[in-house]
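Per-entry structural report
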Amino acid sequence: QLPFSLVGALHGVRLFGEAAGAELREAATPTASLAWAQYGRVMLRSRPLPSPSLTLVALSPAPGPAGPALARILQSALGTLVRNQYK
């Protein structure tokens with residue numbers, strides 16, 4: 001289990017890197033892994049989001065790299081939120 005402060009710090013590192021032109025998609029700790037997915041302008045229940053993108057975060061209790069499993073979970077989560085499947 002990751003403390004909220006560590007998840008927040010990792011998300012802060014991701015945002016800082018994004019501002020500098022870098023993209024952080026995954027992070028791993030000795031006890032868990034995280035994955036981020038950012039999608040362009042999407043429609044939520046037929047309404048456009050006010051911001052130009054949507055960021056989803058997935059957390060797995062498995063140590064080591066997140067791998068494709070968390071990416072698939074994020075894509076599925078997005079599919080449940082948006083009207084048409086985002087590709």
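Further up the page is the structure itself.
Treat the numbers as computed from the prediction; the structure is a model and nothing was measured.

Observations regarding the overall build of the protein
When helices and strands are counted, the protein shows 2 helices and 5 strands. Reading the secondary structure of the protein in the N-to-C direction produces α-β-β-β-β-β-α. Counting over 87 residues, the protein shows a buried share of 28%. Partitioning the contacts of the protein with sequence separation of at least 6, the portion at a separation of at least 24 is 54%. Here the protein displays about 5800 Å² of accessible surface, and carbon together with sulfur accounts for 62% of that area.

Thoughts on the environment of S33
You can see S33 is positioned in strand β2 (residues 33-39). For the pair S33 and P65, spaced 32 residues apart in sequence, the C-alpha separation works out to 6.2 Å. Look past the residues within four positions of S33 in its chain and what remains in contact with it is A27, A28, A58, L59, S60, A62, G64, P65, A66 and L70.

About the cut-offs
- Residues numbered from 1 in each chain as written.
- Predicted model: local features only at pLDDT ≥ 70, side-chain atom pairs only at ≥ 80, totals over all residues.
- Heavy atoms only, no water.
- Helix = DSSP H or I, 4+ residues; strand = E, 2+ residues; numbered from the N terminus.
- Buried < 20%, exposed > 50% of the residue type's maximum accessible area, 1.4 Å probe, protein only.
- Contact = heavy atoms within 4.5 Å.
- Areas by Shrake-Rupley, 256 points an atom, 1.4 Å probe, with all protein chains shown as cover.

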